[in-house]
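Coordinate analysis (summary)
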Amino acid sequence: MAEFKIPFRDIKVTYTRSHPLTKVVVIALILVCTAALITLMWSGSRLKNEIADLRSEAANLEAENAELKDKIEDLDSVEGVENIAEDELDLVDPDTIVIDPNP
């Protein structure tokens with residue numbers, strides 16, 4: 001029969017009471033780590049909100065950009081220029097008779 005030897009069998013582990021200063025240091029480290037985690041969580045949620053706001057702003061800017069591209073395309077045609085002149089500048093064709101309802 002083979003004999004199996006257990007390593008470190010002769011080592012005895014004894015526990016002793018720790019120094020009170022060690023307990024204070026461990027508790028202080030736990031408190032500092034907890035405060036750091038809370039700060040990181042708060043910063044993370046603030047950054048998530050900021051990202052959401054920036055995405056919303058980017059979507060609005062993309063919509064505005066699309067509208068401006070349409071206006072640029074309208075400037076390439078006579079009808080487009082006439083529409084812009086009438087809608088935005090309140091200009092009319094010289095052959096048009098304007099009747100002002102408020103004398």
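All right, on to the overall build of the chain then. Looking only at helices and strands, the chain features 2 helices and 0 strands. Over its C-alpha trace the chain gives a radius of gyration of 39 Å, far above what one expects of a compact globule, namely 13 Å for 103 residues. Judged by the C-alpha coordinates and their principal axes, the chain covers about 115 × 50 × 20 Å. Burial analysis of the chain (103 residues in total) assigns 3% to the buried set. Counting every atom, the chain has about 10500 Å² of accessible surface; 62% of that belongs to carbon and sulfur. Here the chain holds 10 positive side-chain charges and 21 negative ones, and the gap between their average locations is 46 Å.

Here we take up a negative patch on the surface. On the surface, Glu79, Glu82, Glu86, Asp87, Asp90, Asp93 and Asp95 cluster together into a patch of negative charge. Relative to the helices and strands, Glu82 is located in helix 2 (residues 78–89).

Another aspect to go through is the environment of Ser77. Note that Ser77 resides in the loop between helix 1 (20–74) and helix 2. Sequence spacing of Ser77 and His19 is 58 residues, and the spatial spacing of their C-alpha atoms is 88 Å. At 3.1 Å, the side chain of Ser77 and the backbone nitrogen of Gly80 are in polar contact.

Here we take up a nonpolar patch on the surface. Together, Leu21, Val24, Val25 and Leu29 make up an exposed nonpolar region whose accessible area comes to about 370 Å². Relative to the helices and strands, Val24 is located in helix 1. According to the relative accessible area criterion, Val24 is exposed, its value standing at 52%.

Given 3.6 residues to a turn, an α-helix orients residues that are three or four positions apart in the same direction. Its 12 residues give helix 2 an end-to-end C-alpha distance of 15 Å, which sits within 8% of 16 Å, the value for a rise of 1.5 Å per residue. At the C-terminal side of helix 2, Asp90 shows a positive phi close to 55°.

Conventions used here
Position numbers for residues count from 1 along each chain, tracking the sequence in the order it is written. Confidence filtering applies because this is a predicted model: local features only for residues at pLDDT of at least 70, side-chain atom pairs given and counted only at 80 or more, and all residues used for totals across whole chains, interfaces and linings. Only hydrogens and water are set aside when side-chain values are computed; all heavy atoms of the structure are taken into account. Helix numbering and strand numbering both begin at the N terminus, where a helix is a DSSP run of H or I of at least 4 residues and a strand a DSSP run of E of at least 2. Put simply, the radius of gyration uses C-alpha atoms, and a globule should come to 2.2 Å times the residue count raised to 0.38. Relative accessible area decides the class of each residue, using a 1.4 Å probe on protein chains only: under 20% of the type maximum gives buried, over 50% gives exposed, and in between gives partly exposed. Surface accessibility follows the Shrake-Rupley procedure with a 1.4 Å probe radius. Residue values consider only the protein chains on display as shielding. Positive charge is attributed to Lys and Arg, negative charge to Asp and Glu, and no charge count is given to His or to the chain ends. Note on charges: their place is set at NZ of Lys, CZ of Arg, CG of Asp or CD of Glu. Nonpolar side chains (Val, Leu, Ile, Met, Phe, Trp, Tyr) within 5 Å and like charges within 9 Å form the patches, drawn only from residues with over 30% relative accessible area and no salt bridge. What counts as a salt bridge is simple: a side-chain nitrogen of Lys or Arg found within 4 Å of a carboxyl oxygen of Asp or Glu. Definition of a polar contact: a pair of N or O atoms within 3.5 Å, with one able to donate and the other able to accept a hydrogen when the atoms are protein atoms, and with sequence-neighbouring residues admitted only if both atoms are side-chain atoms. Each residue after the first adds 1.5 Å to the expected span of a helix.

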